[in-house]
Amino acid sequence: MFNIQKDLFSQNHTLIVGLYEGDIDQQMIYQTLDDHSSGQIAVYTKEGDLSPEYKEVSKYLPSGQFPLKRIYFLGLGDNKQLTRKRLKSAFGKLFKELQSDNITEVSIALDSFLSDNLKGNDCAQLITESMGTATYQLVHYKSDQPKKLSMIDSLTLISNDQEEDLLSSLEKGYSFSHGVNTARHLVHLPANMLTSTNMAKHAVSMADSYDFAVEILDKNQMEELGMGALLAVNQGSVEPPKMIVLKYQGLEKWGDVTALVGKGITYDTGGYSIKTKTGMPGMKGDMGGAAAVLGAMDIIGRLKPKQNVLAVIPSSDNMISGAAFKPDDVITSLSGRTIEVLNTDAEGRLALADGVTYAKQLGAERIINVATLTGGVVTALGSWMTGAMTNNKDFFEAVQKSSEAVDEPIWQLPYNEDYQEQVRKSSIADLNNSPTRKAHPIMGGAFVGEFAEETPWVHLDIAGTSMAEASHDLGPKGPTGVMARTLSQYILTRS
């Protein structure tokens, strides 16, 4: 699918060229192409048909003996202002247009995109990451099937850089996009099609593809182990719960383990603390944390870093029946700590409690948990920033650095004894699962933190960032696959 060539005219189909603002005629590749067009490209530029303005896509159809079928010029704006994020958005818009034009083979003049801030390998990774995420199409179940848009199946970079390095960067970008799209796909599936059992099957399939070790605990095994928090969430359901575990061993021995724990609530009615009729649609996406973890494992399986990674997904739906758990119930978690249930709609933190404890039992030395945990984080940070909490400054800073590298920003919320004391207030149990509406996203994270205890821990609340309200340059309206890249980037940077 990916190739590296040195000759600008080695392929005769579609060429992509970047244009910076300024002295366009001094940009070498532009000059070469203009010479081959006998000055026609310069005329088009003067007349405004080819523009260097940021994200402007201009198409040039050569005539005569020109050695290319078509050229797309992508405006990059000011060289000094072009960041990784801005370049990804520009590429995203370009690839969407190529898809609309039914283009399946392209060559990209890599040198035309380089700047003081962006080197060849950086650009190569961003190209394939943008290509994969921008052109992704969500499945649907309409009886009248629209025509499926084409995908690019051949991409050639025109560059004199080291071929092996560029190919590695292209593969990394493509792997990132594949992981993001895996997460998007899972979040998008209706809850009747993605039960806990179905999610477990997906994990098993992934294990087969990437040679992961896999363990799927069923309800009987959970009862034997004492996973009372996850089992309580499942009480009202006819669908059995699953504790899904994937192990990737990239080191010689199983140690120095990073655990990724994802909330896998496949549908959340709120239980007896029932959601409103407008609050319930969309709750099929309450397993966005699990999807992010599986997306990250997809990336890890493809890139095979030299690290040990444990993925743990406590999964169930949260339904109502005569057997469902209720406010005022007291349950016993896997850790042995008892919990007073004050809100059955605060079920995700109960599932995570057993997930985090099980990860520790399996040898986790540091834990990142991801969850669509609280509406409060949306109120606090909107849809542009993931909320975060931690008990370890150095660990958090490493995760934050990874999030910044892949343009998935996180914002640290406070976490200290004042907040911890709130979830420890109960006259009848060790903890309560919902002490107050005040600082709601912090209360949810603080509860999970009780089970991390002294283990370095970072909590990521993606309730606001897991869904896009409209189509954008890098994807469709709907699931974003957020945090799949951050989690995998963190693992990769440890290698």
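Since this is a predicted model, take the numbers as computed values, not measurements.

A few words now on the sheet that holds strand 13 (residues 338–340). Spatially, the 3 strands line up as an open sheet ordered 12-13-17, and their pairing is mixed. Only two strands of the sheet have a single partner each, and these edge strands are strand 12 (330–332) and strand 17 (431–432). Looking at chain direction, strand 12 and strand 13 are connected through 3 bridges and run antiparallel. Looking at strand 13, one finds that I331 is bridged to I339.

Strand order in the open sheet formed by 6 strands is 1-6-5-2-4-3, with mixed pairing between adjacent strands. The open sheet has two edge strands, strand 1 (2–5) and strand 3 (57–60), and neither has a second partner. On average, each strand axis in the sheet is tilted by 25° relative to the strand beside it, whichever way the strands run. Bridge count between strand 5 (residues 105–109) and strand 6 (residues 154–158): 5 bridges; the pairing is parallel. Residue pairing across strands places I108 opposite L157, the latter belonging to strand 6. Here helix 3 (residues 84–100) sits on the sheet in contact with strand 2 (14–20), strand 3, strand 4 (70–77), strand 5 and strand 6, set at roughly 155° to strand 4. Against the sheet, helix 4 (residues 120–134) engages strand 1, strand 5 and strand 6, with an angle of about 160° to strand 6.

Moving on to the nonpolar core. One finds M243, V261, L310, L350, Y358 and F447 to be the most contacted residues of the largest nonpolar core, which totals 45 residues. When contributions to this core are tallied by element, the ones reaching two or more residues are helix 8 (228–234), strand 8 (242–249), strand 9 (257–262), strand 11 (308–318), helix 10 (348–361), strand 14 (364–371) and helix 14 (440–452). Ranked by residue count, the leading element in this core is helix 10, at 7 residues. If we ignore the near neighbours within four places in the chain, the residues touching F447 are I339, R349, L350, A353, V423, L431, N432 and N433. Counting 43 residues, the second largest nonpolar core, distinct from the first, contains A203, A207, Y210 and Y248.

Right, let's get into the pattern of salt bridges. All chains considered together, the criterion is met by 18 salt bridges. With a shortest N-O distance of 2.5 Å, D256 and R366 are connected by a salt bridge. With a gap of 110 residues between them, D256 in the loop between strand 8 and strand 9 and R366 in strand 14 connect regions that are remote in the sequence. The exposure class of R366 is buried, given its relative accessible area of 11%. Notably, a salt bridge pairs K263 with E347, separated by 3.6 Å at the nearest N-O pair.

On the surface, a nonpolar cluster with roughly 270 Å² of combined accessible area is contributed by V139, Y141 and M193. Note on V139: relative accessible area 32%, which makes it partly exposed.

Glancing now at the packing of helix 3 against helix 4. Viewed as axis vectors pointing N to C, helix 3 and helix 4 meet at an angle of 45°, and their least axial separation amounts to 8 Å. Taken together, helix 3 and helix 4 sit at an angle that is classed as oblique. Remark: the crossing between helix 3 and helix 4 carries right-handed chirality. Mapping the contact onto sequence places R84, L87, K88, F91, G92, F95 and K96 in helix 3 and D122, C123, Q125, L126, I127, E129, S130, M131 and A134 in helix 4. Taken together, the residues of the contact of helix 3 with helix 4 sort by class into 8 nonpolar, 3 polar and 5 charged.

The next point concerns the packing of helix 4 against helix 5 (residues 163–188). Working note: a packed helix pair is described by the angle between its axes plus the distance between those axes. Packing of helix 4 against helix 5 brings their axes to within 7 Å, and their N-to-C directions diverge by 30°. In terms of orientation, helix 4 lies roughly parallel with respect to helix 5. Our pair here, helix 4 against helix 5, has a crossing hand that is right-handed. Contacts between helix 4 and helix 5 pair G120, N121, A124, Q125, T128, E129, G132 and T133 from the former with D165, L166, S169, L170, K172, G173, Y174, F176, S177, V180, N181 and R184 from the latter. Among the residues making up the contact of helix 4 with helix 5, the classes are represented as 6 nonpolar, 10 polar and 4 charged.

Counting buried positions over the 6 residues of strand 9 gives 6, a clear majority of the element. Of the two faces of strand 9, the one holding V257, A259 and V261 and the one holding T258, L260 and G262 are both buried throughout. Pairing geometry for strand 9 and strand 11, over 5 bridges, is parallel. Paired with L260 across the bridge in strand 11 is A311.

Counting buried residues in strand 5 gives 4 out of 5 residues, a clear majority hidden from the surface. Where strand 2 lies against strand 5, 3 bridges are found, and the strand directions are parallel. Residue T14 lies in a different strand from strand 5, and its bridge partner there is V106. In this view, the connection linking strand 5 to its parallel neighbour strand 6 by way of helix 4 has right-handed handedness.

Here the focus is helix 4. Compared with the 21 Å implied by 1.5 Å per residue over 15 residues, the 21 Å span of helix 4 between its first and last C-alpha is a close match. Across the 15 residues of helix 4, 13 count as buried, placing the element largely inside the fold.

On to the packing of aromatic side chains, then. If you walk through the whole model with that rule in mind, you get 11 aromatic pairs. Relative to F66, the ring of Y60 lies with its centre 6.3 Å away and its plane at 80°, an arrangement referred to as edge-to-face. For the pair Y60 and F66, one class covers both residues: buried. Chaining the aromatic ring pairs together yields one cluster made of F9, Y44, Y60 and F66. Directly above the ring of Y54 sits R86, whose terminal nitrogen or CZ lies 3.8 Å from the centroid.

Further remarks concern the environment of A213. Among the secondary structure elements, A213 is positioned in strand 7 (residues 213–217). By relative accessible area, which is 41% here, A213 ends up partly exposed. Separated by 62 residues in the primary sequence, A213 and M151 place their C-alpha atoms 33 Å from one another. With residues up to four places along the chain from it excluded, the contact list for A213 reads V245, L246 and K247.

Criteria and cut-off values
Residues numbered from 1 in each chain as written. Predicted model: local features only at pLDDT ≥ 70, side-chain atom pairs only at ≥ 80, totals over all residues. Heavy atoms only, no water. Pairing = 2+ DSSP bridges. Helix = DSSP H or I, 4+ residues; strand = E, 2+ residues; numbered from the N terminus. Axes fitted to C-alpha atoms, helices over the stretch in contact; angles between N-to-C directions. Contact = heavy atoms within 4.5 Å. Core = buried A, V, L, I, M, F, W, Y, C linked by side-chain atoms within 4.5 Å. Buried < 20%, exposed > 50% of the residue type's maximum accessible area, 1.4 Å probe, protein only. Salt bridge = Lys/Arg side-chain N within 4 Å of Asp/Glu carboxyl O. Patch = residues over 30% accessible without salt bridge, like charges linked within 9 Å, V, L, I, M, F, W, Y side chains within 5 Å. Areas by Shrake-Rupley, 256 points an atom, 1.4 Å probe, with all protein chains shown as cover. Parallel < 35°, antiparallel > 145°, perpendicular 65-115°, else oblique. Left-handed = near helix turned anticlockwise from the far one by under 90°. Nonpolar A, V, L, I, M, F, W, Y, C, P; charged D, E, K, R; others polar. Right-handed = clockwise from strand over helix to strand, strands pointing away. Expected span 1.5 Å × (residues − 1). Phe/Tyr/Trp six-rings, centres within 6.5 Å; stacked < 30°, edge-to-face > 60°. Lys NZ or Arg CZ within 6 Å of the ring centre and 35° of its normal.

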